[in-house]
Amino acid sequence: MSLQTHVDSLTAKHAEIEEIITREEHRPNPDTIRLMQLKRRKLRIKEELSKLAVRH
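Residues numbered from 1 in each chain as written. Predicted model: local features only at pLDDT ≥ 70, side-chain atom pairs only at ≥ 80, totals over all residues. Heavy atoms only, no water.

Engineer: Could you clarify how one ought to interpret the environment of Arg27 in this entry?
Structural biologist: Tracing the backbone shows Arg27 in the loop between helix H1 (3-25) and helix H2 (32-55). Since its relative accessible area comes to 43%, Arg27 is described here as partly exposed. For Arg27, the side chain forms a polar contact with the side chain of Glu24, separated by 2.9 Å. (Helix = DSSP H or I, 4+ residues; strand = E, 2+ residues; numbered from the N terminus. Buried < 20%, exposed > 50% of the residue type's maximum accessible area, 1.4 Å probe, protein only. Polar contact = N/O pair within 3.5 Å; in protein donor to acceptor, adjacent residues only side chain to side chain.)

Engineer: What is the right way to look at the pattern of salt bridges in this model?
Structural biologist: Two side chains that carry opposite charge are able to pair once their charged atoms sit near each other. Enumeration according to the criterion identifies five salt bridges in this entry. Between Glu19 and Arg23 there is a salt bridge, and its shortest N-O distance comes to 2.9 Å. Remark: Arg23 and Glu19 occur in helix H1; sequence separation between them is four residues, near one turn of the helix. Accessibility expressed as a relative area gives 48% for Glu19, which makes it partly exposed. Within this structure, Glu24, Arg27 and Arg34 form a network of salt bridges that share partners. (Salt bridge = Lys/Arg side-chain N within 4 Å of Asp/Glu carboxyl O.)

Engineer: When you look at H2 in this model, what are you seeing that I'm missing?
Structural biologist: Since the α-helix advances by 3.6 residues per turn, residues separated by three or four positions end up pointing in the same direction. Under the 1.5 Å per step criterion, the end-to-end length of H2 is 35 Å for 24 residues, consistent within 8% with the ideal 34 Å. On its buried face, H2 sits against H1. (Expected span 1.5 Å × (residues − 1). Contact = heavy atoms within 4.5 Å.)

Engineer: I'm lost on the nonpolar core in this one. Help?
Structural biologist: Looking at soluble globular proteins, one finds that nonpolar side chains tend to be buried together. Formed by Leu10, Ile17, Ile20, Ile21, Leu35, Leu38, Ile45, Leu49 and Leu52, the largest nonpolar core amounts to nine residues. If one sorts the elements of this core by residue count, H2 sits on top with five residues. Leu52 has contacts with Leu3, His6, Val7 and Leu10, leaving out every residue within four places of it along the chain. (Core = buried A, V, L, I, M, F, W, Y, C linked by side-chain atoms within 4.5 Å.)

Engineer: Explanation requested: a positive patch on the surface in the structure shown.
Structural biologist: On the surface, a cluster of positive charge is made up of Lys13, Arg40, Arg41 and Arg44. When residues of the positive patch are assigned to their parent elements, the largest contribution, three residues, is made by H2. Inspection of the secondary structure puts Arg41 in helix H2. Judged by relative accessible area, Arg41 falls into the partly exposed class, the value being 43%. (Patch = residues over 30% accessible without salt bridge, like charges linked within 9 Å, V, L, I, M, F, W, Y side chains within 5 Å. Areas by Shrake-Rupley, 256 points an atom, 1.4 Å probe, with all protein chains shown as cover. Lys, Arg positive; Asp, Glu negative; His and termini not counted. Charge placed at Lys NZ, Arg CZ, Asp CG, Glu CD.)

Engineer: Explain the packing of H1 against H2 here, please?
Structural biologist: Describing two packed helices takes the angle between their axes plus the distance from one axis to the other. The geometry of H1 relative to H2 is characterised by a closest axis approach of 9 Å and an angle of 155 degrees between their N-to-C directions. With respect to their mutual orientation, H1 and H2 come out roughly antiparallel. Crossing angle aside, the handedness with which H1 passes H2 is left-handed. Classifying every residue of the contact of H1 with H2 gives eleven nonpolar, three polar and ten charged. (Axes fitted to C-alpha atoms, helices over the stretch in contact; angles between N-to-C directions. Parallel < 35°, antiparallel > 145°, perpendicular 65-115°, else oblique. Left-handed = near helix turned anticlockwise from the far one by under 90°. Nonpolar A, V, L, I, M, F, W, Y, C, P; charged D, E, K, R; others polar.)

Have a look at this one:
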């Protein structure tokens, strides 16, 4: 997998998680534990993208 393909994949996952978070936050009773887990995943992806940007 090329670096750009990997970055594109991570960017897509980041956007997908953001969409899921938005939907969860707008539910009548949001699952706060799920939101916390999703936000952590999103942050890890963002950190990985930052590391890849620095290396390249």
